[in-house]
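Single-letter residue listing:
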Amino acid sequence: MPHDYTLAERLSAGETVLTVWSSIPDLGLVEQLAEGPFDSVTLDMQHGGHHVESIQNGLVPVIKAGKAAVVRVPLGDFGMASRALDFGADAVIAPMINTIEDAAAFRDAMKYPPVGCRSWGPTRALKLRGVAGGTDYLRSADRRTLAFAMIETKEALAIAEDIAAMDGIDGLFVGPSDFSIAWSGGESVDPGLDDMQEAVARIADIARAAGKHAGIFAAAPAMVPRFVEMGFGFISVAMDFTVVAEGQKSVLAAAGA
Ligand code: 3PY
Ligand code: MG
């Protein structure tokens, strides 16, 4: 359903916002996702194929459809976090925020002074959002756009309270695959790993206790109710690959084949 209020407002109101994960940088496919039933589309530059041009173009149909437009930036690329906001993104997810310095660099890229030191240049965002004057945007941008710091290692978990407490970090986002690699000491990758679920739930608690948002990547849609129960409000449900694969199967099944 399209919404004319922001992702930040929806999450603060306690809504669960479900996003689809876009990794194939094809504008036609992104348009299809934007027109689909998800609340949000997340364009992935870390492991997905999205690049500067596909982000700039791909955000347009998502914003026009009234969906929350989210970008995951490449590892350590905080300059891209600012650019994603300049292109109109509602939120940016930064992977592997393992130190306070990482979190501070991410905050600095995401928030205007005095909180951070984001540089001015949101020409595209102003146009896409229909915001008349620059000062309106300057005053509202830090509130309207969200910085999600990914918690994916034991080091990050150990300082998650400090990251969540930081002014300018709006939420924690769990990457369960990387977290499972860390949890198993590099033995395995299993985003559903039983004995890390308590720690995963703790990350949601830490975010909420700090008055921040909690997000997570669900490696399978069946995990979503469990994550909602844990208190996660922003949840990635499926990747574009999976949606296409499942869609093909359901079309053939409907054809009785
Ligand atoms: C993880 O599970 O590690 C992720 O980064 C999700 O994309
Ligand atoms: Mg990861």
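Just above, that's the structure.
Before going into details, it helps to say that this report is about the structure given with it. The shown structure was predicted, so the numbers you read here are calculated from the model rather than taken from an experiment.

**Section: the site of ligand 1**
Surveying the vicinity of ligand 1 reveals the residues Arg 72, Met 150, Glu 152, Gly 175, Pro 176, Ser 177, Asp 178 and Phe 217. Here an oxygen atom of ligand 1 and a side-chain polar atom of Arg 72 are 2.8 Å apart. Asp 178 has a polar backbone atom sitting 2.9 Å from an oxygen atom of ligand 1. Against a free-state accessible area of 230 Å², the protein chains account for coverage of 92% of ligand 1. Residue contributions to the shell around ligand 1 peak at 3 residues, all from helix H10 (residues 176-183). Tallied by class, residues from the shell around ligand 1 come to 3 nonpolar, 2 polar and 3 charged.

**A look at unusual backbone geometry**
Put simply, Pro 113 and Pro 114 share a cis peptide bond, and its omega is 10°. Summarising the element assignment, Pro 114 is placed in the loop between helix H5 (100-110) and helix H6 (123-129). Even without glycine at this site, Met 96 takes up a positive phi of about 50°. Mapped onto the secondary structure, Met 96 falls in the loop between strand S4 (91-94) and H5.

**Details of the packing of helix H2 (residues 27-35) against helix H3 (residues 52-64)**
Two elements in contact, H2 and H3, have axes separated by 8 Å at closest approach and are oriented at 25°. Put simply, H2 runs roughly parallel to H3. Remark: the crossing between H2 and H3 carries right-handed chirality. Counting all contacts with H2, which are made through Leu 27, Val 30, Glu 31 and Ala 34, the residues of H3 involved are Asn 57, Gly 58, Pro 61 and Val 62. In terms of residue class, the contact of H2 with H3 is made up of 5 nonpolar, 2 polar and 1 charged.

**Focus: the environment of Leu 126**
Locating Leu 126 in the fold gives a position in helix H6. When its relative accessible area of 17% is taken as the criterion, Leu 126 is described as buried. It is 8.8 Å that separates the C-alpha atoms of Leu 126 and Phe 87, two residues lying 39 residues apart in sequence.

Thresholds applied
Residues numbered from 1 in each chain as written. Chains lettered and ligands numbered in written order. Predicted model: local features only at pLDDT ≥ 70, side-chain atom pairs only at ≥ 80, totals over all residues. Heavy atoms only, no water. Near = heavy atom within 4 Å. Polar contact = N/O pair within 3.5 Å; in protein donor to acceptor, adjacent residues only side chain to side chain. Areas by Shrake-Rupley, 256 points an atom, 1.4 Å probe, with all protein chains shown as cover. Helix = DSSP H or I, 4+ residues; strand = E, 2+ residues; numbered from the N terminus. Nonpolar A, V, L, I, M, F, W, Y, C, P; charged D, E, K, R; others polar. Axes fitted to C-alpha atoms, helices over the stretch in contact; angles between N-to-C directions. Parallel < 35°, antiparallel > 145°, perpendicular 65-115°, else oblique. Left-handed = near helix turned anticlockwise from the far one by under 90°. Contact = heavy atoms within 4.5 Å. Buried < 20%, exposed > 50% of the residue type's maximum accessible area, 1.4 Å probe, protein only.

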